[in-house]
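# Working through the structure, step by step
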Amino acid sequence: MAAKTLTIDDHLVSARPGETLLEAIREAGIVIPTLCHLDGLSDVGACRLCLVEIEGQRRLQPACMTMVSEGMVVRTSTPRLQAYRRQIVELLFAERNHVCAVCVASGNCELQRLAAMVGMDHVRYDYLSPDCSVDISHPRFGIDHNRCVLCTRCVRACDEIEGVHTWDVAGRGVQARVITDMNQPWGTSTTCTSCGKCQLACPTGAIFPRGVTVGERPHASERIALIIEARKQRW
Amino acid sequence: MTTPTTDIATDRNVRPVSDNRRKILEATMKRFQYQGDALIEVLHKAQELYGFLSPELLSEVAQRLRLPPSRVYGVATFYHFFSLVPQGEHSCTVCLGTACYVRGAAHLLHDLETLSGVKAGHTSSDGRFSLLTARCLGACGIAPAVVLDGEVIGHADCSDLTARIQKLLGREE
Amino acid sequence: MDLHELEAIAEREQAQRPHLRILCCAAAGCQASGALEIKRRLELVLSAAGKLAEVEVTPVGCMGLCGHGPLVRIEPEGTVFERVTPADAEEIVSALEQGPCNVLHCDLNHPFFTRQQPIVLRHCGRINPERIEDYIAVGGYRTLYHVIHDLTPAEVIQIIARSGLRGRGGAGYPTGLKWATVAKSPGERKFVICNADEGDPGAFMDRSVLESDPHLVLEGMAIAAYAVGAEQGFIYVRGEYPLAIERLQKAIVQARRLGLLGAQIFESGFNFRVDIRVGAGAFVCGEETALIASIEGRRGQPRPRPPYPAEKGLWGMPTLINNVETFANVTAIIENGPEWFRQIGTEKSKGTKVFALTGKIRNTGLIEVPMGITLREIVYEIGDGTPDGTPVKAVQTGGPSGGCIPAELFDTPVDYESLAAVGSIMGSGGMVVMDEHTNMVDVARFYIEFCKDESCGKCIPCRVGTVQLFNLLTKLRNGQAQPRDLDTIEELCELMRETSLCGLGQSAPNPVLSTLQYFRHEYEQLIGVEVDHGS
């Protein structure tokens with residue numbers, strides 16, 4: 001099939017058929033914020049940060065789940081989109097207790113980077129300050145729900161790459177939490193293989209390696225994509 | 001080793017009931033060929049049989065349907081119908097749909113909370129009475145509607161309801 | 001089963017039926033008011049008088065005027081008695097033979113009855129929903145026979161497309177177009193799903209139809225399955241509707257036994273099996289992709305569209321999802337032809353719409369009216385105004401996704417476009433009347449609380465936005481809000497409308513936006529004023 005030609009922010013761009021709009025946008029050297037997307041994992045279109053305007057379509061579409069098509073005219077960062085992205089990041093900061101000053105991931109956190117990227121200098125909404133727990137029952141890792149943004153990257157990494165589906169989401173709405181097995185302490189999980197892919201996939205400091213000090217946290221979400229890539233190589 | 005005979009006798013008295021429930025649940029799963037897709041149907045049946053979904057019951061369902069435990073737990077907590085804790089012996093569900101709301105259901109609920117001492121969504125400490133809410137029972141024609149132990153009561157009124165609840169709890173004064 | 005056998009059942013049924021009949025409403029509303037006890041008492045009185053052979057007492061579905069229930073109708077005379085009690089049994093029996101009777105009866109010349117145009121509800125309150133013979137006696141399953149033997153799937157789709165029928169679940173997508181897409185989408189298997197997850201608070205149209213005439217929906221589904229090439233159907237019913245589920249189960253068993261569902265229907269090559277899936281209490285499952293996830297046994301979370309279920313739905317296969325009322329329109333359209341259907345309604349909205357009229361209104365109940373009727377006619381003529389004469393302030397249509405329409409706009413015709421133009425939506429058919437005593441900020445807060453509790457939690461704007469909006473409205477109601485909070489409210493509404501993943505989140509701000517548009521002063525009044533809610 002022939003390559004597709006589309007217009008992204010007034011530039012003509014070619015893309016492979018079957019490629020997502022996000023891939024084409026990145027290939028064109030344009031950076032748009034993403035959070036729930038992680039190379040190597042399936043997409044869910046949940047964080048709404050990569051929404052773009054497509055000419056002729058009434059609704060904004062998530063770039064990560066929209067396929068390129070011939071003649072598509074796309075705008076990636078109109079003032080309206082910028083405002084929405086900032087609002088979404090603000091809502092996230094207000095949702096749980098994200099205190100960068102005392103976080104193991106500070107300086108190494110996608111949420112923090114997003115805030116800088118969308119120019120969020122303060123939060124206009126009331127902090128919901130929920131009562132969240134910290135689980136350090138696992139010998140190697142811990143999870144601090146105060147820092148979780150419910151992107152479900154851990155759930156997908158565990159299910160799609162490690163293949164054990166230790167993680168899932170329980171409850172709904174703002175009460176939703178990622179859980180292991182029967183919502184039991186992580187250390188007592190019978191399915192967890194302690195592979196640590198959830199920790200690689202986590203964009204914030206919610207899932208963290210134990211015994212590592214601030215600044216030392218190896219943040220390596222790109223390794224998820226490498227694993228997938230490496231699997232394709234057969235000899 | 002003290003009184004083995006009595007133990008067996010007690011066991012015999014207790015077991016048939018629980019075994020039967022297990023059998024019915026097993027039959028339901030078999031009818032769906034142990035397909036993971038049937039999870040919600042199976043949870044409906046499990047709750048109908050046992051009254052609530054205990055962690056043991058959920059683990060059992062996960063094992064039989066070959067599903068990850070976290071997925072079963074995730075589904076069970078997503079839907080309002082499923083309860084992971086035992087409900088009271090008697091229950092009163094106040095409909096909070098729009099029609100009932102416009103006709104004063106919120107006040108009714110507030111009064112019931114005060115009179116029964118049980119908060120909406122909770123069970124009394126003695127486990128005898130649960131006060132619950134619903135998002136529209138579809139009985140808007142007779143708003144405000146209340147379900148008392150499965151019986152729908154239309155045009156509900158607080159004093160009448162309180163009397164009925166007291167009667168159910170055997171506390172006629 | 002063939003056409004002769006079907007007609008033989010109908011004839012036998014009519015021949016056996018006594019001339020005198022007493023029809024007792026046994027829908028959920030009237031049952032809750034003691035309808036079954038009334039039926040038992042009527043039978044006792046008749047048997048004491050030795051008249052059980054001459055008079056039949058039949059439980060039927062919803063008669064419409066639910067607020068005045070329990071309702072009893074006598075035939076052939078046609079009187080409908082209201083607010084019947086068991087003690088009225090003797091007088092009703094005496095009325096059968098024109099004897100004295102002081103039981104309250106409905107004025108059948110009232111606009112509540114005369115302004116209605118029943119198509120979907122044409123058998124409701126007239127047949128026993130638990131007997132397939134009753135449905136066959138009024139012509140049931142004849143259309144399915146005709147479709148299978150005389151029409152090609154493409155012809156069926158063309159009839160539906162020409163009729164102008166649009167989805168009755170709320171959004172109004174052209175039904176014929178949806179059927180055509182499913183028919184043309186390639187797939188190993190295809191599915192037909194009936195969406196009976198009627199979650200809007202204040203709506204009970206689907207419940208009433210399923211409780212009163214389940215076979216009408218099943219026949220409509222079977223015709224749709226034939227048209228799109230599906231062999232398996234699902235009805236996704238709310239768990240809150242036990243009676244509807246029970247009657248559907250009975251109906252499916254009866255239809256299967258007569259060979260009207262299952263394999264080789266009417267001895268043709270067409271197979272169609274229907275299964276019920278019971279919802280477990282999640283409003284978001286009314287959204288089609290969430291509903292599909294739920295049937296697949298997963299958390300009912302929506303996914304972005306496209307791809308639409310018509311192309312990739314249940315288990316990745318092309319899937320037709322229509323609402324109960326949409327399927328219930330199908331047989332009438334095929335029987336009477338698309339031109340007949342096009343005559344009813346307005347330019348862009350054809351046919352009738354069933355509404356559940358509730359709230360501060362004298363005639364609470366189920367109504368079916370032609371599209372294009374005005375809100376004024378519904379509220380003041382059919383509904384007869386508020387019970388105590390308090391002026392009506394607004395009407396809420398479309399549930400948590402809809403808006404409040406103020407009394408000064410009551411000349412708005414009821415059709416998809418006009419309702420959208422005034423900031424509401426047609427919705428599935430809930431219509432809640434509010435009088436002067438209703439505070440509109442409270443109403444908006446009520447709906448946002450609903451959406452907050454029902455948000456699945458997948459996308460951020462809806463998950464956190466509903467909570468922030470609810471907190472702001474609570475602050476406002478308690479008189480603790482600042483003027484800038486109103487701006488924040490409006491900004492959040494826009495964010496949710498534009499960026500939420502599914503229809504629930506996108507439409508969640510509608511009740512706030514519409515009340516802000518028409519009742520802004522009620523919001524402004526509350527700014528900086530401490531309110532005492534003690535009373």
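Residues numbered from 1 in each chain as written. Chains lettered and ligands numbered in written order. Predicted model: local features only at pLDDT ≥ 70, side-chain atom pairs only at ≥ 80, totals over all residues. Heavy atoms only, no water.

## Here's the deal with the confidence of the model for chain C
Counted only if it meets this: Here pLDDT means the predictor's own confidence in every residue, given as a number from 0 to 100.
Taken over all residues, the pLDDT of chain C has a mean of 94, while the share at 70 or more is 99%. For this predicted complex, the interface confidence reaches an ipTM of 0.94, while the overall pTM sits at 0.92.

## So, the sheet that holds strand β5 (residues 151–153) of chain B
Residue and element names in this part refer to chain B. Note the following rule: Between any two strands, at least two bridges found by DSSP are needed for them to pair. Runs of H or I in DSSP of at least four residues are treated as helices and runs of E of at least two as strands, each being numbered from the N terminus. Contacts are residue-level and defined by heavy atoms, with any inter-residue pair within 4.5 Å sufficient. Only the contacting stretch of a helix is used when fitting its axis, a line to C-alpha atoms as for every element, and angles between N-to-C directions run 0 to 180 degrees.
Reading across from one edge, β2-β3-β1-β4-β5 is the order of the five strands in this open sheet, with mixed pairing throughout. Each end of this open sheet is capped by a strand with a single partner; those strands are β2 (122–123) and β5. Two elements, β2 and strand β3 (residues 129–134), share two bridges in a ladder whose sense is antiparallel. By the bridge assignment, threonine 123 is partnered in β3 with serine 130. The strands that helix α7 (residues 158–168) touches are β1 (90–95), β3, β4 (146–148) and β5; relative to β4, the one it contacts most, it runs at about 15°.

## Looking at the interface of chain C and chain B
Applied cut-off: Here the quantity called buried area is the accessible surface, traced with a 1.4 Å probe, that two parts lose on coming together, added over both. Here, a salt bridge means any side-chain nitrogen of Lys or Arg that lies within 4 Å of a carboxyl oxygen of Asp or Glu. Contacts described as polar in this section are N or O atom pairs within 3.5 Å, which, within protein, must combine one atom able to donate a hydrogen with one able to accept it, while residues neighboring in sequence count only if both atoms come from side chains. We call Asp, Glu, Lys and Arg charged. Ala, Val, Leu, Ile, Met, Phe, Trp, Tyr, Cys and Pro are nonpolar, and the rest, Gly among them, are polar.
Tallying the contact residues gives 51 residues for chain C and 33 residues for chain B. For the pair chain C and chain B, the two sides together bury roughly 3,200 Å², of which 57% comes from carbon and sulfur. Together, C:Ala280, C:Arg299 and C:Phe446 form the three largest contributors to the area buried by chain C at its contact with chain B, with a combined 18%. Here chain C is connected to chain B by zero salt bridges. If you look at where chain C meets chain B, you find 15 residue pairs in polar contact (both at pLDDT 80 or more). Elements with a minimum of two residues in the side of chain C that touches chain B: α2 (28–32), β7 (273–278), α13 (288–295), β9 (352–359), β13 (430–435) and α18 (440–454) of chain C. Sort the elements by how many residues they give to the side of chain C that touches chain B and α18(C) lands first, with seven residues. Classifying every residue of the side of chain C that touches chain B gives 24 nonpolar, 14 polar and 13 charged.

## Quick word on the pattern of salt bridges
Selection rule: Using a 1.4 Å probe on the protein chains alone, a residue whose accessible area is under 20% of its type maximum counts as buried, one over 50% counts as exposed, and one in between counts as partly exposed.
Within this structure, the stated rule accounts for 59 salt bridges over all chains. Residues A:Lys197 and A:Glu162 are paired through a salt bridge, measuring 2.5 Å at the closest nitrogen-oxygen approach. Linking A:Lys197 in helix α5 (residues 197–201) with A:Glu162 in helix α4 (residues 153–162), this pair joins segments that are 35 residues apart in sequence. Given the relative accessible area of 12%, A:Lys197 is considered buried. Each of the salt bridges in this network shares a partner with another, and the network as a whole consists of A:Arg86, A:Glu90, A:Asp121, A:Arg124 and C:Glu491.

## Description of the packing of aromatic side chains
Aromatic ring pairs are reported here in terms of the distance separating the ring centres and the angle at which the planes meet. All names here are of chain C. Which entries qualify depends on this criterion: To pair, rings of Phe, Tyr and Trp, with the six-membered ring standing in for Trp, must have centres within 6.5 Å; the planes then decide the type, stacked if under 30 degrees apart, edge-to-face if over 60, and tilted in the middle.
Counted according to the given criterion, the structure contains 17 aromatic pairs over all chains. Centroid distance phenylalanine 191 to phenylalanine 234: 6.4 Å. Interplanar angle 40°. Geometry classified as tilted. With phenylalanine 191 in strand β5 (residues 191–196) and phenylalanine 234 in strand β6 (residues 232–237), this pair connects stretches of sequence that are 43 residues apart. With a relative accessible area of 4%, phenylalanine 234 lands in the buried category. Taken together, a centroid distance of 6.3 Å and an interplanar angle of 55° make the contact between tyrosine 380 and phenylalanine 410 tilted.

## Quick word on the interface of chain A and chain C
Each side of the interface is counted separately: chain A has 32 residues, and chain C has 33 residues. Interface area for chain A against chain C, summed over the two sides, is near 2,700 Å², with a carbon-plus-sulfur share of 54%. Among the residues chain A hides against chain C, the three largest losses belong to A:Arg59, A:Leu91 and A:Arg172. Together they make up 24% of the total. Seen at the junction of chain A and chain C, the total is five salt bridges. A salt bridge links C:Lys475 to A:Asp126; its shortest N-O distance comes to 3.9 Å. Going through the elements one at a time, β4 (61–62), α2 (79–95) and β8 (167–170) of chain A are the ones with two or more residues in the side of chain A that touches chain C.

## Describing the sheet that holds β5(C)
Strand pairing in a sheet takes place through backbone hydrogen bonds and is either antiparallel or parallel in direction. Residue and element names in this part refer to chain C. Taken together, the four strands give an open sheet; going across it, the order is β7-β6-β5-β8, and neighbouring strands pair in parallel fashion. Only two strands of the sheet have a single partner each, and these edge strands are β7 and β8 (319–323). Taking the axes of each pair of neighbouring strands and ignoring which way they run, one obtains an average angle of 20° across the sheet. Examined bridge by bridge, β5 and β6 share six bridges and lie parallel to one another. For valine 192, the partnering residue across the bridge sits in β6 and is glycine 233. Strand contacts of helix α12 (residues 242–257): β6 and β7, with the helix running at about 165° to β7, the strand carrying the most contacts.

## Structural notes on the nonpolar core
Short version of the rule: Put simply, buried Ala, Val, Leu, Ile, Met, Phe, Trp, Tyr and Cys residues joined by side-chain atoms within 4.5 Å make one nonpolar core.
Ranked by size, the top nonpolar core spans 155 residues in total, and within it C:Tyr141, C:Trp179, C:Phe266 and C:Phe272 carry the most contacts. Top element by residues in this core is helix α11 (residues 214–228) of chain C. It accounts for 11 residues. Leaving out residues up to four positions away in the same chain, C:Phe272 has contacts with C:Val192, C:Met221, C:Ala222, C:Ala225, C:Ala230, C:Glu231, C:Gln232, C:Gly233, C:Leu261, C:Gly262 and C:Ile265. One finds A:Leu92, A:Cys151, B:Val42 and C:Leu526 within the second-largest nonpolar core, a separate group that totals 104 residues.

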